[in-house]
Amino acid sequence: YWIEGEADGGASARLPHPQAPTSMLAYHVDAGGVATRVPFYQFIIEPGLLGAIDADAYSNELRPAVFIAGGEVYDGVGVRCRGAWARSWPKKCWKVVFRKDHPFGKERRINLNSAWRDQAYIREPLAYEISRDAGSLSPRSKMVRVLVTGRFWGLYAEVEQPGKRLLGEWGLEG
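Residues numbered from 1 in each chain as written. Predicted model: local features only at pLDDT ≥ 70, side-chain atom pairs only at ≥ 80, totals over all residues. Heavy atoms only, no water.

Trainee: Which parts of the structure should I look at to understand empty space enclosed by the protein?
Mentor: If a probe the size of a water molecule is rolled over the atoms, the empty space left behind becomes visible. Under the defined criterion, the tally for this structure stands at one cavity of 30 Å³ or more. Roughly 40 Å³ of volume is contained in the largest cavity. The leading source of residues in the lining of the largest cavity is strand E6 (residues 72-81), at three residues. Of the residues assigned to the lining of the largest cavity, the class counts are three nonpolar, one polar and four charged. (1 Å grid on protein atoms, 1.4 Å probe; cavity = no way out; pocket = protein on both sides within 12 Å on 5 of 7 lines; lining within 4 Å. Points joined across faces, edges and corners; volume = space filled by probe spheres on them. Helix = DSSP H or I, 4+ residues; strand = E, 2+ residues; numbered from the N terminus. Nonpolar A, V, L, I, M, F, W, Y, C, P; charged D, E, K, R; others polar.)

What follows is the structure in structure tokens.
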């Protein structure tokens with residue numbers, strides 16, 4: 001019930017076979033000894049659902065996935081494409097919604113922006129950081145490495161969801 005191998009980007013992955021009973025699934029992801037401080041996120045998404053997300057990029061329907069980060073498995077997350085113009089890009093931006101009873105740190109939602117239009121992969125996080133340093137209210141952002149079902153998907157800019165929690169930190173009402 002396992003598929004083992006090396007994922008793109010040098011990471012090894014032990015992934016459930018598509019026909020494995022869901023009650024028996026377990027996950028192990030190893031960053032392959034890559035020496036970097038850029039966080040490593042892994043998504044496990046059924047191939048048919050992954051194709052549906054890409055084919056219907058303008059849908060706001062959340063598709064089920066498993067998210068793995070920092071050695072912790074978050075099952076039952078929902079993913080979809082996000083943005084307006086960005087939904088037409090070859091490398092899509094993603095909205096990730098976590099279960100209420102199992103948030104990702106303090107977050108229930110994260111945004112993964114593809115940086116497809118930015119070949120430097122740094123402009124968006126840098127702009128947020130400069131805005132904060134200048135005294136503006138700005139969400140936190142950082143670069144992350146993303147693997148999807150064992151394949152390196154690319155570098156993404158993770159951008160904090162500008163919701164009630166963040167507005168509360170800034171002393172604003174939602």
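Trainee: It is not clear to me how the pattern of salt bridges should be interpreted in this structure. Could you clarify?
Mentor: Close approach of charged atoms allows side chains with opposite charge to pair. Counting across every chain of the model gives six salt bridges. Between aspartate 54 and lysine 92 there is a salt bridge, with the nearest N and O atoms lying 3.7 Å from each other. Highlighted residues: aspartate 54 in helix H1 (residues 47-55) and lysine 92 in the loop between E6 and strand E7 (94-97), separated in sequence by 38 residues. Residue classification places aspartate 54 among the partly exposed residues on the basis of a relative accessible area of 45%. Looking at lysine 92, the relative accessible area reads 11%, which means it is buried. (Salt bridge = Lys/Arg side-chain N within 4 Å of Asp/Glu carboxyl O. Buried < 20%, exposed > 50% of the residue type's maximum accessible area, 1.4 Å probe, protein only.)

Trainee: What should I look at first to understand the side chain of histidine 102 in this one?
Mentor: Mapped onto the elements of the fold, histidine 102 is located in the loop between E7 and strand E8 (109-113). Of the polar contacts made by the side chain of histidine 102, one reaches the side chain of glutamate 72; its length is 2.7 Å. Once residues lying within four places of it in the same chain are set aside, the contact partners of histidine 102 are Glu72, Val73 and Tyr74. (Polar contact = N/O pair within 3.5 Å; in protein donor to acceptor, adjacent residues only side chain to side chain. Contact = heavy atoms within 4.5 Å.)

Trainee: Which parts of the structure should I look at to understand the sheet that holds strand E4 (residues 40-44)?
Mentor: The strands making up a sheet are joined through hydrogen bonds of the backbone, oriented either antiparallel or parallel. Read around the closed barrel, seven strands run E4-E5-E6-E7-E8-E10-E9, paired in mixed fashion. With direction set aside, neighbouring strand axes in the sheet form an average angle of 40°. Of the strand pairs in this sheet, E4 and strand E5 (residues 63-69) are connected by four bridges, and their pairing is antiparallel. Within the sheet, the bridge partner assigned to phenylalanine 43 lies in E5 and is phenylalanine 67. Across the sheet, H1 lies against E5, E6, E7, strand E9 (141-148) and strand E10 (151-160), angled at about 105° from E5, the strand it touches most. (Pairing = 2+ DSSP bridges. Axes fitted to C-alpha atoms, helices over the stretch in contact; angles between N-to-C directions.)

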